[in-house]
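# A structural walkthrough
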Amino acid sequence: MGAAAEVDPAYFQDPEHRPKPATAVVHGLPVIDLAKALSSPTPADLSKTVSEIRDACRYWGFFQVVNHGVDAAVRERVEAAARRFFALPLEEKRKVRRDEVNPLGYYDVEHTKNVRDWKEVFDYSSTGPIEIPASGDPLDDAVQEMINQWPENPPEFKEACEEYGRQTEKLAFKLLELISLSLGLGADRLKGFFEKETSFVRLNQNPPCPVPHLALGVGRHKDAGALTVLAQDDVGGLEVKRKADGEWIAVQPIPNAYIINVGDIIQVWSNAEYESAEHRAIVNPEKDRISIPLFFNPAHYTLVEPLVELISDERPSKYKAYNWGKFFSTRKRSNLKKLDVENIQIDHFKVEG
């Protein structure tokens, strides 16, 4: 009996979405050094960094950052804690299982594009309880709190996660400033949207997979939020769809670098000046892979629409406004199960014409 016969077909991608046996490793994904931007940059230094970010957001939607201010030891601690947590017996992990009422905690049956991902996850907020709409119904004003569920073991898990969240949050706010400047806006133009942010950190583990040609660790998708700050271990696995030709390109891990991608919200705020890029994670037949994204998201009551400064007669608004909380609430719950219809996407809010 082959390996495929022993694996639940719910994990199998449709043939056109299965990973190819070999994918080019890209060295062209921009790598941006933030050392000067994080200290006291001269106008010339700041202009150079902002220009690099503008080009990366425009042509890739992805870039890597080095000298970013996040302590390497903090990252190592959270990666080690994640490995120890995922190594626990399933019944232990399921004590902090997330559900449709509280989508923070442990889960192992997430779907992307209605296909089950080959992964386990643990989601948490580093800023305390998160307020989100109680439902996706536009007429329902009720809100609920997403509350962290911390496991008893490993004992250092909570502290390691919280410190990692604090440091990557700080980096995300700095990147938000630089992206704002790159759009010709003031550095603080976008900051107000994040006063009651709905950001969360995800610990991802992709175990060794006997059918790496059929399954994906995370299926193809675009990130719905504003920004993603991703740490991936030396196993790698992240692939980005190159805008120039639609090819899937493997992102080579750089030690202690973070991979940044703009999400759908920045695509809309920028009036499609920047575009979020489709990406996925392949699986390894022998090694498990740890990746840790911070999904940096605004307050639930944010009305997402192109910024007025970026609309003109020559460049009219390309998107109808939508409520982020309702969008987020609908997406977060639908990822928990297979649906009969396509999950909600920002393309549903494009202006026709």
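Residues numbered from 1 in each chain as written. Predicted model: local features only at pLDDT ≥ 70, side-chain atom pairs only at ≥ 80, totals over all residues. Heavy atoms only, no water.

## Re the overall build of the chain
From N to C terminus, the chain includes seven helices and 19 strands. Counting over 353 residues, the chain shows a buried share of 52%. In the chain, once contacts between residues fewer than 6 apart in sequence are set aside, the share between residues at least 24 apart is 79%. Surface exposure of the chain reaches about 15,600 Å², of which carbon and sulfur atoms provide 52%. (Helix = DSSP H or I, 4+ residues; strand = E, 2+ residues; numbered from the N terminus. Buried < 20%, exposed > 50% of the residue type's maximum accessible area, 1.4 Å probe, protein only. Contact = heavy atoms within 4.5 Å. Areas by Shrake-Rupley, 256 points an atom, 1.4 Å probe, with all protein chains shown as cover.)

## Quick word on the environment of Gln 252
Here Gln 252 lies in the loop between β14 (248–251) and β15 (258–262). With relative accessibility at 39%, the residue Gln 252 sits in the partly exposed group. For the pair Gln 252 and Leu 238, spaced 14 residues apart in sequence, the C-alpha separation works out to 8.2 Å.

## Observations regarding helix α3 (residues 72–86)
Think of an α-helix as 3.6 residues a turn; residues three or four steps apart then line up on the same face. A rise of 1.5 Å per residue sets the reference length of α3, with its 15 residues, at 21 Å; its end C-alpha atoms lie 21 Å apart and thus fit the reference within 8%. Two or three places before Ala 73, at the start of α3, stands the capping residue Asp 71, its side-chain oxygen 2.9 Å from that residue's backbone nitrogen. (Expected span 1.5 Å × (residues − 1). Polar contact = N/O pair within 3.5 Å; in protein donor to acceptor, adjacent residues only side chain to side chain.)

## Notes on the packing of aromatic side chains
In this structure the tally under the stated criterion is 19 aromatic pairs. Relative to Phe 86, the ring of Phe 85 lies with its centre 5.4 Å away and its plane at 65 degrees, an arrangement referred to as edge-to-face. Exposure remark for Phe 85: the relative accessible area of 0% places this residue in the buried category. Summarising the aromatic geometry, the rings of Phe 194 and Trp 269 are spaced 6.2 Å apart at their centres and angled 75 degrees between planes, so their arrangement reads as edge-to-face. Here Phe 194, found in the loop between α5 (157–182) and β10 (200–206), pairs with Trp 269, found in helix α6 (residues 264–269); they are 75 residues apart in sequence, far enough to count as distant. Of the two residues, Phe 194 and Trp 269, neither departs from the other in class, the shared state being buried. (Phe/Tyr/Trp six-rings, centres within 6.5 Å; stacked < 30°, edge-to-face > 60°.)

## Describing the pairing of strand β17 (residues 289–296)
Counting buried residues in β17 gives eight out of eight residues, a clear majority hidden from the surface. The two faces of β17 match: Arg 289, Ser 291, Pro 293 and Phe 295 on one face and Ile 290, Ile 292, Leu 294 and Phe 296 on the other face are all buried. Across six bridges, the pairing between strand β12 (residues 227–232) and β17 is antiparallel. Bridge assignment links Thr 228 to a residue of β17, and that residue is Phe 295. (Pairing = 2+ DSSP bridges.)

## Quick notes on unusual backbone geometry
A cis amide bond links Asn 153 to the next residue, Pro 154, at an omega of -5 degrees. Position of Pro 154 relative to the elements: it lies in the loop between β9 (143–146) and α5. Backbone geometry places Asn 67, a non-glycine residue, at a positive phi of 50 degrees. Mapped onto the elements of the fold, Asn 67 is located in the loop between β3 (62–66) and α3. Within the chain, Asn 271 stands out as a residue other than glycine whose phi angle is a positive 55 degrees. Note on Asn 271: relative accessible area 0%, which makes it buried.

## Regarding the pattern of salt bridges
Tallied over the full model, the rule gives 22 salt bridges. The salt bridge partner of Asp 123 is Arg 202, with a shortest N-O separation of 2.7 Å. Of this pair, Asp 123 sits in strand β7 (residues 120–124) while Arg 202 sits in strand β10, and the two are 79 residues apart along the sequence. For Asp 123, a relative accessible area of 0% corresponds to the buried category. Note on Arg 202: relative accessible area 7%, which makes it buried. (Salt bridge = Lys/Arg side-chain N within 4 Å of Asp/Glu carboxyl O.)

## Describing the sheet that holds strand β4 (residues 105–107)
Taken together, eight strands build an open sheet; the order of strands is β2-β3-β15-β12-β17-β10-β7-β4 and the sheet is mixed. Because the sheet does not close on itself, it has two edges, and the strands there are β2 (31–33) and β4. Strand-to-strand, the axes of this sheet are offset by a mean angle of 25 degrees, without reference to chain direction. In this sheet, β7 lies alongside β4 in antiparallel orientation, the contact comprising three bridges. Following the sheet pairing, Gly 105 is matched in β7 by Asp 123. Contacting β2, β3 and β15, helix α2 (residues 43–59) runs over the sheet at an angle of about 160 degrees to β2. Relative to β17, α3 is tilted by about 115 degrees, and along the sheet it contacts β4, β7, β10, β12, β15 and β17. (Axes fitted to C-alpha atoms, helices over the stretch in contact; angles between N-to-C directions.)

## Some remarks on α2
An ideal rise of 1.5 Å per residue puts 24 Å on 17 residues; α2 measures up with 24 Å between its terminal C-alpha atoms. Taken together, the buried positions of α2 are occupied by Thr 49, Val 50, Ile 53, Ala 56 and Cys 57. In an axial view of α2, the angular spread of the buried residues amounts to 125 degrees, which keeps them on one side of the axis. When the buried face of α2 is taken as reference, the exposed residues oriented beyond 90 degrees from it are Pro 43, Ala 44, Lys 48 and Tyr 59. Where α2 is buried, its residues contact β2, α1 (35–38), β3, α5 and β15. Backbone geometry just downstream of α2 places Gly 61 in the positive-phi region, at approximately 80 degrees. (Arc of directions from axis to C-beta.)

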